[in-house]
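# A structural walkthrough
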Amino acid sequence: MDLRQLEALVAVVEEGSFGAAAKRLHLTQPPLSARIKALEEELGTPLIERGPRHSTPTEAGRLLVERARRMLLLADAAKEEVAQLGEGVRGVLRLGVISSCGPTLFTPALGAFCRRYPELQIEVREGNSYELVELLRSGAIETAVLRTPFAAEGLVLFPLRSEPMAVAGLPALFAELPAGPLTPADLAGRPVTYYRRFEGLLADAFRRSGTHLCRRFVVDDARTALQWAKIGAALALVPRSAAGMSPALAVRPLEAAELVTAVTLAFRAGSPLSAGARALRELLAPRQN
């Protein structure tokens, strides 16, 4: 199994035919077909169901394509990282970002950073912290701006900013609540929505306050929690900076010592950093280097 074979398989699946895939790879059909056939013979199973006008992947083909895309991405990243050694701050920096990192990452200092290094291209992958940790560990991205909590094994972390949770909702939903900052006890019995990975933190905080977390919607992104809040279905429990993404909602602090998350810059432990990654680390976490 080699990269050319995997590239051929991905092209056929994405284009839907051998002819279109050959055109994309600047090949004729015979060598393209030979690559797929050699791959099938090596693995001992068909990967493509060939039709007169359209070709579709078998179950084995679909599985291999998922892995192949990641392997091809890693190969490209390795080529670029090697090429960048000794060339200064240029090339491509593969950066993962969470949706709520705006106040921490997108600052005037980052604008100055981009102007200082005009030859550095930043390729951004967006996702939640779990998704980005997986991409980081696989090498598909070089660094990521994440939010705790997440499994940190095998990573080097540079905490950037800590912030408490907040309660966001339609103003009418706050009418019967106390003025000022709220506590878990104040929210007893009220339906809430929150990002799934905060569930442990929230459940512990509510339990310690002697009340019960009344979960209504458990979601995979703080932005989705805010959407439920915007239609009046629940109060959203989100990091304070994320609450600002929806100006139509009223926002109140949620006071509980354990309900604090941190925006963190993360790298794979033991991996050499490109010049661009080192420069970004110096920008975001200069006193921690």
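A short tour of the structure in this document, coming up. (Residues numbered from 1 in each chain as written. Predicted model: local features only at pLDDT ≥ 70, side-chain atom pairs only at ≥ 80, totals over all residues. Heavy atoms only, no water.)

### Focus: the nonpolar core
Counting 33 residues, the largest nonpolar core has Leu105, Phe113, Leu132, Val145, Leu146 and Leu280 as the members making the most contacts within it. Looking at this core, the elements that each hand over two or more residues are β3 (91-97), α6 (108-116), α7 (129-138), β5 (143-147), β6 (155-169), β11 (260-268) and α11 (275-284). In this view, leucine 146 contacts Ile98, Ser129, Leu132, Val133, Ala262, Val263, Thr264 and Ala266; residues no more than four positions away in its chain are not counted. Membership of the second largest hydrophobic core comes to 20 residues, among which are Met165, Tyr194, Val218 and Leu254. (Core = buried A, V, L, I, M, F, W, Y, C linked by side-chain atoms within 4.5 Å. Buried < 20%, exposed > 50% of the residue type's maximum accessible area, 1.4 Å probe, protein only. Helix = DSSP H or I, 4+ residues; strand = E, 2+ residues; numbered from the N terminus. Contact = heavy atoms within 4.5 Å.)

### A word on empty space enclosed by the protein
Where empty space is left can be seen by rolling a probe of water-molecule size over the atoms. Throughout the structure, instances matching the rule amount to three cavities of 30 Å³ or more. In this structure, the largest cavity spans a volume of roughly 90 Å³. Taken together, 13 residues make up the lining of the largest cavity; nearest its centre are Ile98, Ser99, Ser100, Tyr195 and Ala222. Taken together, the residues that form the lining of the largest cavity break down as five nonpolar, five polar and three charged. (1 Å grid on protein atoms, 1.4 Å probe; cavity = no way out; pocket = protein on both sides within 12 Å on 5 of 7 lines; lining within 4 Å. Points joined across faces, edges and corners; volume = space filled by probe spheres on them. Nonpolar A, V, L, I, M, F, W, Y, C, P; charged D, E, K, R; others polar.)

### Thoughts on the layout of surface pockets
Empty space within the largest pocket amounts to approximately 170 Å³. Residue lining of the largest pocket: Leu3, Glu7, Arg69, Leu72, Leu73, Ala75, Asp76 and Lys79, and that is the complete set. Elements supplying a minimum of two residues to the lining of the largest pocket: α1 (3-15) and α4 (59-84). Sorting elements by how many residues they give to the lining of the largest pocket places α4 first, with six residues. Looking at the lining of the largest pocket, its residues break down into four nonpolar, no polar and four charged.

### So, a nonpolar patch on the surface
Taken together, Met1, Leu3, Leu43 and Met71 make up a surface patch of nonpolar side chains, about 330 Å² in accessible area. By the secondary structure assignment, methionine 71 is in helix α4. (Patch = residues over 30% accessible without salt bridge, like charges linked within 9 Å, V, L, I, M, F, W, Y side chains within 5 Å. Areas by Shrake-Rupley, 256 points an atom, 1.4 Å probe, with all protein chains shown as cover. Salt bridge = Lys/Arg side-chain N within 4 Å of Asp/Glu carboxyl O.)

### Here's the deal with the environment of serine 271
On the secondary structure map, serine 271 appears in the loop between β11 and α11. By relative accessible area, which is 23% here, serine 271 ends up partly exposed. A C-alpha to C-alpha distance of 31 Å links serine 271 and leucine 201, two positions 70 residues apart in sequence.

### Let's talk about the environment of phenylalanine 158
Tracing the chain through its elements places phenylalanine 158 in strand β6. A C-alpha to C-alpha distance of 6.9 Å links phenylalanine 158 and glutamine 288, two positions 130 residues apart in sequence.

### Thoughts on the pattern of salt bridges
Evaluated as defined, the whole model comprises 14 salt bridges. Between arginine 94 and glutamate 123 there is a salt bridge; the shortest N-O distance is 3.5 Å. A residue pair is termed long-range when its members are at least 10 positions apart, and arginine 94 in strand β3 and glutamate 123 in strand β4 (residues 120-126) qualify at 29 residues. With a closest N to O distance of 2.9 Å, aspartate 221 and arginine 223 form a salt bridge.

### Quick notes on the side chain of serine 246
Tracing the sequence through the fold places serine 246 in the loop between α10 (240-243) and β10 (250-253). Overall, serine 246 belongs to the buried group, its relative accessible area being 6%. Once residues within four sequence positions are removed from consideration, serine 246 is found in contact with Leu226 and Lys230.

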